There are 2 protein chains.
Amino acid sequence: MSAANVRNTHPLIRKLETVFPLSDEERKAILALPIDQRVIEAHQDIVREGDRPSRSFVIADGVACAFRMTGEGKRQILAFHITGDMPDLQSLHLQTLDISIGTITACKVGFIQHEDLQRLCERQARVAAALWRETLIYAAMFREWITNIGRRQALGRAAHFMCEYIVRARAMGLVEDYSCELPITQEELSDAMGLSIVHVNRVLQELRKLGLINLESRHLTVLDWTRLQEVGDFDAGYLHLPKTAT
Amino acid sequence: MSAANVRNTHPLIRKLETVFPLSDEERKAILALPIDQRVIEAHQDIVREGDRPSRSFVIADGVACAFRMTGEGKRQILAFHITGDMPDLQSLHLQTLDISIGTITACKVGFIQHEDLQRLCERQARVAAALWRETLIYAAMFREWITNIGRRQALGRAAHFMCEYIVRARAMGLVEDYSCELPITQEELSDAMGLSIVHVNRVLQELRKLGLINLESRHLTVLDWTRLQEVGDFDAGYLHLPKTAT
DNA sequence: CGCACTCTTGACCGAGATCAACATTCGTGG
DNA sequence: CCACGAATGTTGATCTCGGTCAAGAGTGCG
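Keep in mind that what you see is a predicted model, and the values were worked out from it rather than measured. (Residues numbered from 1 in each chain as written. Chains lettered and ligands numbered in written order. Predicted model: local features only at pLDDT ≥ 70, side-chain atom pairs only at ≥ 80, totals over all residues. Heavy atoms only, no water.)

Counting its secondary structure elements, chain A contains nine helices and 10 strands. Here the C-alpha atoms of chain A give a radius of gyration of 18 Å, agreeing with the 18 Å that 2.2 N^0.38 yields for 246 residues. Along the longest, intermediate and shortest principal axes, the C-alpha atoms of chain A span 50 × 45 × 30 Å. Burial statistics for chain A: of 246 residues in total, 58% are counted as buried. Long-range contacts, defined here as pairs at least 24 residues apart, represent 70% of the contacts in chain A between residues at least 6 apart. When the accessible area of chain A is evaluated, it comes to approximately 10300 Å², of which 47% is carbon and sulfur surface. Of the charged side chains in chain A, 29 are positive and 32 negative, and the gap between their average positions amounts to 1 Å. (Helix = DSSP H or I, 4+ residues; strand = E, 2+ residues; numbered from the N terminus. Rg over C-alpha atoms; globule rule 2.2 N^0.38 Å. Buried < 20%, exposed > 50% of the residue type's maximum accessible area, 1.4 Å probe, protein only. Contact = heavy atoms within 4.5 Å. Areas by Shrake-Rupley, 256 points an atom, 1.4 Å probe, with all protein chains shown as cover. Lys, Arg positive; Asp, Glu negative; His and termini not counted. Charge placed at Lys NZ, Arg CZ, Asp CG, Glu CD.)

Taken together, the contact pairs 43 residues of chain A with 43 residues of chain B. At the boundary of chain A with chain B, total buried surface from both sides reaches about 4000 Å², with 65% on carbon and sulfur atoms. Of all residues in chain A, the largest losses of buried area upon contact with chain B belong to Trp132(A), Arg143(A) and Arg151(A), amounting jointly to 23% of the total for that side. Linking chain A with chain B are six salt bridges, by the criterion used here. Across the pair Arg143(B) and Asp98(A) runs a salt bridge, and its minimum N-O distance is 2.9 Å. Counting across the chain A and chain B interface gives 20 residue pairs in polar contact (both at pLDDT 80 or more). (Buried area = accessible area lost by both parts, 1.4 Å probe. Salt bridge = Lys/Arg side-chain N within 4 Å of Asp/Glu carboxyl O. Polar contact = N/O pair within 3.5 Å; in protein donor to acceptor, adjacent residues only side chain to side chain.)

Near DNA strand D lie 16 residues; those nearest to it are Ser196(A), Gln186(B), Asn201(B), Arg202(B) and Gln205(B). Per the 4 Å cut-off to the protein, sugar and phosphate atoms form 65% of the nearby atoms of DNA strand D. Residue Ala154(A) places a main-chain N or O atom 2.9 Å away from a phosphate oxygen belonging to DNA strand D. Elements with a minimum of two residues in the surface near DNA strand D: helix H8 (197–209) of chain A together with helix H8 (197–209) of chain B. For the surface near DNA strand D, the residue count by class is four nonpolar, eight polar and four charged. (Near = heavy atom within 4 Å. Nonpolar A, V, L, I, M, F, W, Y, C, P; charged D, E, K, R; others polar.)

Bringing the UniProt feature "domain: HTH crp-type" (unreviewed entry) in chain A into the picture now. In the numbering used here, UniProt assigns the "domain: HTH crp-type" (unreviewed entry) feature to residues 152–226 of chain A. End C-alpha atoms of residues 152–226 of chain A are separated by 18 Å, and the span's content is 55% helix alongside 15% strand. (UniProt positions renumbered as here; feature names shortened; annotations may be inferred.)

With that settled, consider the pairing of strand E5 (residues 75–81) of chain A. Along E5(A), six of the seven residues are buried, which leaves the element largely enclosed by surrounding structure. A loop of five residues connects strand E4 (residues 64–69) of chain A with E5(A), the two strands running antiparallel in sequence, and Gly73(A) in this loop sits at a positive phi of about 85 degrees. (Pairing = 2+ DSSP bridges.)

Using the criterion set out here, one finds 34 salt bridges over all chains in the structure. Arg48(A) is paired through a salt bridge with Asp45(A); the nearest N and O atoms lie 2.9 Å apart. Looking at Arg48(A), the relative accessible area reads 48%, which means it is partly exposed. Judged by relative accessible area, which is 32%, Asp45(A) ranks as partly exposed. Across the salt bridge formed by Arg151(B) and Asp191(A), the nearest N and O atoms sit 3.0 Å from each other. Highlighted residues: Arg151(B) in helix H5 (residues 125–151) and Asp191(A) in helix H7 (residues 186–193), drawn from two different chains. Just as Arg151(B) is buried, Asp191(A) falls in that class too.

In this section: the protein's contact with DNA strand C. Neighbouring residues of DNA strand C: 16 residues in total, closest Gln186(A), Asn201(A), Arg202(A), Gln205(A) and Ser196(B). The share of sugar and phosphate among atoms of DNA strand C within 4 Å of the protein is 62%. Side-chain polar atom of Arg218(A) to a sugar or linking oxygen of DNA strand C: 3.2 Å apart, as the coordinates give it. Elements with a minimum of two residues in the surface near DNA strand C: H8 of chain A together with H8 of chain B. Among the elements that make up the surface near DNA strand C, the one with the highest residue count is H8(A) (five residues). Residue composition of the surface near DNA strand C, grouped by class: four nonpolar, eight polar and four charged.

It is worth spelling out the packing of aromatic side chains at this point. Scanning the entire structure with this criterion turns up 15 aromatic pairs over all chains. Aromatic pair Trp225(A) and Phe234(A): ring centres 6.2 Å apart, planes at 65 degrees, arrangement edge-to-face. Since its relative accessible area comes to 17%, Trp225(A) is described here as buried. For Phe234(A), a relative accessible area of 7% puts it in the buried group. One aromatic cluster in this structure is built from Phe80(A), Trp145(A), Phe161(A) and Tyr165(A). Positioned above the aromatic ring of Phe67(A) is the side chain of Arg75(A), whose terminal nitrogen or guanidinium carbon lies 5.9 Å from the ring centre. Sitting over the face of the ring of Phe111(B), Arg55(B) holds its NZ or CZ atom 3.7 Å from the ring centroid. (Phe/Tyr/Trp six-rings, centres within 6.5 Å; stacked < 30°, edge-to-face > 60°. Lys NZ or Arg CZ within 6 Å of the ring centre and 35° of its normal.)

With that settled, the discussion passes to unusual backbone geometry. For His43(A), which is not a glycine, the phi torsion comes out positive at approximately 60 degrees. Mapped onto the elements, His43(A) comes out in the loop between strand E1 (36–40) and strand E2 (45–47). The backbone phi angle of Asp233(B) is positive, close to 50 degrees, even though this residue is not glycine. Turning to its location among the elements, Asp233(B) is positioned in the segment after helix H9 (225–232).

What follows is about the packing of helix H4 (residues 114–123) of chain B against H5(B). Residues and elements named next belong to chain B. Look at H4 against H5: their axes get within 5 Å of each other, and the N-to-C directions meet at 120 degrees. Taken together, the axes of H4 and H5 are oblique relative to one another. Here Leu117, Leu120, Cys121 and Arg123 of H4 come into contact with H5, specifically with Ala125, Val127, Ala128 and Leu131. Counted by class, the contact of H4 with H5 contains seven nonpolar, no polar and one charged residues. (Axes fitted to C-alpha atoms, helices over the stretch in contact; angles between N-to-C directions. Parallel < 35°, antiparallel > 145°, perpendicular 65-115°, else oblique.)

So, in structure tokens, the structure goes:
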């Protein structure tokens, strides 16, 4: 599948098919889901902590992030979400959202009512399992991120981030030759990595100086994948991608 | 329910009933699950990163922890698990474990085959949802922990930990008067909080000096719950406990 | 073309790490 | 029941990674 025609598929189908090929019936059931598609401009909250959503959404295009605010007004970004992700799928079973989700770039977003998802899950056991699985992978990413913030220094943290991002983007067909869009500012990176903006800047320069990455005008190119993984102490296992995509 | 007779209930029933009252049929279905109960002594790994378990387990008694190791041999503890927890429930849908789970104290552990859990889920939709929900709450705890490590300083981190631990323990009926067992060494705490042992020691003394907690011989007492929550920037919302338990 | 956002650089500071003893507790075997 | 060694907890001195502050340089958009 080329990156071009991939954009025309149903984002949910595209995501689930990275796990296993869907049956015709399953595909039909997903296509029958009523989806409320809309475009949300950059730097808007899609849902907020404390909301009690009656629907979840899938990102069809763009980059969003899940975040929490500290009592002292500091922001912690928990994850960046790209095409195919369902960042608040959890609200299907947890009434009150414990995170906010905001756009980084303009996003094409498809809202799906919980009742429709629930019905889909009841009738298509494999799809239910795949969605459950999806939430489990987010949990695995969070675990890895705790490890990253808790026990790696700044340079490794940044390298790790780059590895994770590009691997996830590749799984959705957004990467050509170790190169992809990375429309994330250094401030956003700092809120994700638990560092100051200034230090993120220095660490990125270090990664460039080491010849590991090229990062300019919102475009990331990995120059030395092997060494970047080493520096970032990265092993894609926790993302649970099918072998072909790794 | 007193803490004494609570110990005699099926740990899974006890856990699920913190969410909603089970029907007779559901209760019967759970009691019919073949469980392989055994005691595992302290400081043993129950499962290891890379394992492909064919069963999950529920902790009937004791404290365990989920952890990952860095490339440089540093340990990051991701969560402490207490009575009623199913720390590797994720393995039901993710083949390969991305974490290890080890005992802190001796643990009574009940292993349940995946196939049996799967069958239970197919037949008891509410139980399936409750188990899914359980994994979602773990994810919420991970998110909170990222925030804690990424954007709070040491004192707040420690205070937050104490808050979370005692709230979770209370939900399982293990707390009397803001007081419970905390059989966790400062080294283990340091690996959880992303701090050095020495600094954990100093921070704990600070919490004692502030009159917020009492912590000696593996026993934690919260002396000033309101201020401890303030210092720890703690709000139990993310634990998604029923109102009665909060 | 001007203002706001983002990135970059330098100087200084401080929370927490590291190193090194020492104290205390606890489990174990004699 | 005591003795001893290992694990755990405590304290002080010093160092360092990363934070904070401040100012400038690009960059892009209205």
